[in-house]
Amino acid sequence: MKVYEKAPAKINLLLDVLRKREDGYHEVEMIMTMVDLADRLEMSELPRDQIVLSSHAGFIPLDEKNLAFQAAKLLKERYNVKKGVYIHLDKNIPVAAGLAGGSSDAAAALRGLNRLWNLGLGLDELEALGAELGSDVPFCIRGGTAVARGRGEKLESIESPPQCWVVLAKPPINVSTADVYGKLRANELKEHPSIPAMLDAIRRKSFPDVCARLGNVLETVTLGRYPEVRQIKEVMTRLGADGVLMSGSGPTVFGLVSKESKVSRLYNGLRGFCKEVYAVRLLT
């Protein structure tokens, strides 16, 4: 038996950090949604009791450093599963890009192995397991569009934003999420994006207002440390994107575009100095 799962990328329409918590994590408020750029996982049982992970991508770990591997190990240990599994990962989402590629792979592994091993776990149980693996994993299990609070694990599903094109551009650098959060001084932030205003714009399906309400306080760290990210934001704006924001801790920047005629101009303009550019739709 084989099980297939799609692992879509996410973008942050809004990312606010309220404070640093005593447990070392940051208290956040985010609005996240998914885009049609996805990894794909194929899972099948092995006759021997081990986890084997393969991928044609030569730049990702295939051992316990990989979140999909960790997801399989967590399920095996928690539910005393004595079967082995072979997981093949078809990688399309850029790595260390602020798009939750690893988290989405882990979520897909949890969903797929729940079916393959007939564990019968519900959404809440899968999300709780996902929270043990990473802050973005519960959202990637649930999908859709959601407000995330706490360290990202407290989710409230909301309606989708208005449909549009999303142009993603990742400069040839990697950014450490832990490093960005480590350099953020949450208590010194002078401006915070407004969750209520963005929720209102989404509820009214107002694309211009969604674009106007985009905000990510982590830009205060990443843009200063990585001028390439600032340059992409400026180029996207100049080329006519309706709304531009860095996703997560970066370095990927996305541009929201309502008219298809603008998409090729943005895509081609960005490809001039950035190899990893994608034009996709929101998953709604």
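Chemist: What exactly am I supposed to notice about the overall build of the protein here?
Modeler: When helices and strands are counted, the protein shows ten helices and eleven strands. Whereas a compact globule of 284 residues would reach a radius of gyration of roughly 19 Å, the protein reaches 19 Å, a difference of no more than 12%. Along the first, second and third principal axes, the C-alpha set of the protein runs to 55 × 40 × 35 Å. Of all intrachain contacts in the protein linking residues separated by at least 6 positions in sequence, the fraction that spans at least 24 positions is 75%. Carbon and sulfur atoms form 48% of the exposed surface of the protein, whose accessible area is close to 12,500 Å². If you average the places of the 39 positive and of the 35 negative side-chain charges in the protein, the two averages end up 3 Å apart.

Chemist: Would you take a moment to explain the side chain of His88 for this structure?
Modeler: Tracing the chain through its elements places His88 in strand β4 (residues 84-90). The contact partners of His88, leaving out residues within four places of it in the chain, are Arg40, Leu41, Glu42, Ser54, Ser55 and His56.

Chemist: Honestly, the environment of His88 in this entry has me stumped. Any pointers?
Modeler: Classification of His88 as buried rests on a relative accessible area of 17%. For His88, the side chain forms a polar contact with the side chain of Ser54, separated by 2.7 Å.

Chemist: Any chance you could explain the nonpolar core here in plain terms?
Modeler: Most often, soluble globular proteins keep nonpolar side chains buried together rather than apart. Val17, Leu41, Val85, Leu110, Met236 and Leu270 are the most contacted members of the largest nonpolar core, which has 74 residues in total. Not counting chain neighbours up to four residues away, the residues in contact with Leu270 comprise Val167, Ala169, Ile232, Val235, Met236, Leu239 and Val277. Within the second largest apolar cluster, 28 residues are counted, among which are Leu14, Ile31, Ala97 and Cys164.

Chemist: So what exactly am I meant to see when it comes to the packing of aromatic side chains here?
Modeler: What characterises a pair of aromatic rings is the spacing of the ring centres plus the angle enclosed by the ring planes. In this structure the tally under the stated criterion is zero aromatic pairs. Lying across the ring of Tyr25, Arg151 places its NZ or CZ 4.6 Å from the centre. For Arg281, the ring lying beneath its charged end belongs to Trp165, and the centroid distance is 4.8 Å.

Chemist: How should the packing of helix α1 (residues 67-78) against helix α2 (residues 101-116) be read in this particular structure?
Modeler: In helix packing, the relevant descriptors are the interaxial angle and the interaxial distance, both defined with respect to the helix axes. Axis separation between α1 and α2 bottoms out at 7 Å; the angle between their running directions is 35 degrees. Both α1 and α2 take part in a crossing whose hand is right-handed. Each of Leu67, Ala68, Ala71, Ala72 and Leu75 in α1 lies in contact with α2, whose residues at this interface are Gly102, Ser103, Asp105, Ala106, Ala109, Leu110, Leu113 and Asn114. Looking at the contact of α1 with α2, its residues break down into nine nonpolar, three polar and one charged.

Chemist: How should the environment of Pro138 be read in this particular structure?
Modeler: With respect to the helices and strands, the residue Pro138 is situated in helix α4 (residues 137-142). Judged by relative accessible area, which is 1%, Pro138 ranks as buried. Spatially, the C-alpha atom of Pro138 lies 19 Å from that of Gly24, the residues being 114 residues apart in sequence. Excluding residues within four positions of it along the chain, Pro138 makes contact with Glu127, Gly130, Ala131, Glu153 and Leu155.

Chemist: Just checking my understanding: could you explain the sheet that holds strand β9 (residues 243-246) for this structure?
Modeler: Either a parallel or an antiparallel arrangement is found when strands of a sheet pair, and the pairing is made through backbone hydrogen bonds. In spatial order, the strands read β9-β10-β7-β11; together these four strands make up an open sheet with antiparallel pairing. Edge positions in the sheet fall to β9 and β11 (276-281), since each of these pairs with one other strand and no more. Within this sheet the neighbouring strands show an average axis-to-axis angle of 20 degrees, counted without direction. The sheet contact formed by strand β7 (residues 165-170) and β11 spans six bridges and is antiparallel. Note that in β11 the partner of Lys170 across the bridge is Glu276.

Chemist: Got a minute to help me understand the packing of α2 against helix α3 (residues 123-133) in this structure?
Modeler: In the contact formed by α2 and α3, the axes pass within 10 Å of each other and the chain directions differ by 140 degrees. Classified by the angle between their axes, α2 and α3 sit oblique to one another. Once α2 is placed against α3, the crossing between them reads as right-handed. Residues Ala106, Leu110 and Asn114 of α2 pack against Leu126, Leu129, Gly130 and Leu133 of α3. Along the lines of polarity and charge, the residues of the contact of α2 with α3 split into five nonpolar, two polar and no charged.

Chemist: Teacher, can you tell me more about the pattern of salt bridges here?
Modeler: Close approach of charged atoms allows side chains of opposite charge to pair. Counting across every chain of the model gives 26 salt bridges. Note that Asp200 and Arg204 form a salt bridge whose closest N and O atoms lie 2.9 Å from each other. The exposure class assigned to Arg204 is partly exposed, which follows from its relative accessible area of 38%. The structure contains a network of salt bridges with shared partners spanning Arg19, Arg21, Asp23 and Glu27.

Definitions and cut-offs
- Residues numbered from 1 in each chain as written.
- Predicted model: local features only at pLDDT ≥ 70, side-chain atom pairs only at ≥ 80, totals over all residues.
- Heavy atoms only, no water.
- Helix = DSSP H or I, 4+ residues; strand = E, 2+ residues; numbered from the N terminus.
- Rg over C-alpha atoms; globule rule 2.2 N^0.38 Å.
- Contact = heavy atoms within 4.5 Å.
- Areas by Shrake-Rupley, 256 points an atom, 1.4 Å probe, with all protein chains shown as cover.
- Lys, Arg positive; Asp, Glu negative; His and termini not counted.
- Charge placed at Lys NZ, Arg CZ, Asp CG, Glu CD.
- Buried < 20%, exposed > 50% of the residue type's maximum accessible area, 1.4 Å probe, protein only.
- Polar contact = N/O pair within 3.5 Å; in protein donor to acceptor, adjacent residues only side chain to side chain.
- Core = buried A, V, L, I, M, F, W, Y, C linked by side-chain atoms within 4.5 Å.
- Phe/Tyr/Trp six-rings, centres within 6.5 Å; stacked < 30°, edge-to-face > 60°.
- Lys NZ or Arg CZ within 6 Å of the ring centre and 35° of its normal.
- Axes fitted to C-alpha atoms, helices over the stretch in contact; angles between N-to-C directions.
- Left-handed = near helix turned anticlockwise from the far one by under 90°.
- Nonpolar A, V, L, I, M, F, W, Y, C, P; charged D, E, K, R; others polar.
- Pairing = 2+ DSSP bridges.
- Parallel < 35°, antiparallel > 145°, perpendicular 65-115°, else oblique.
- Salt bridge = Lys/Arg side-chain N within 4 Å of Asp/Glu carboxyl O.

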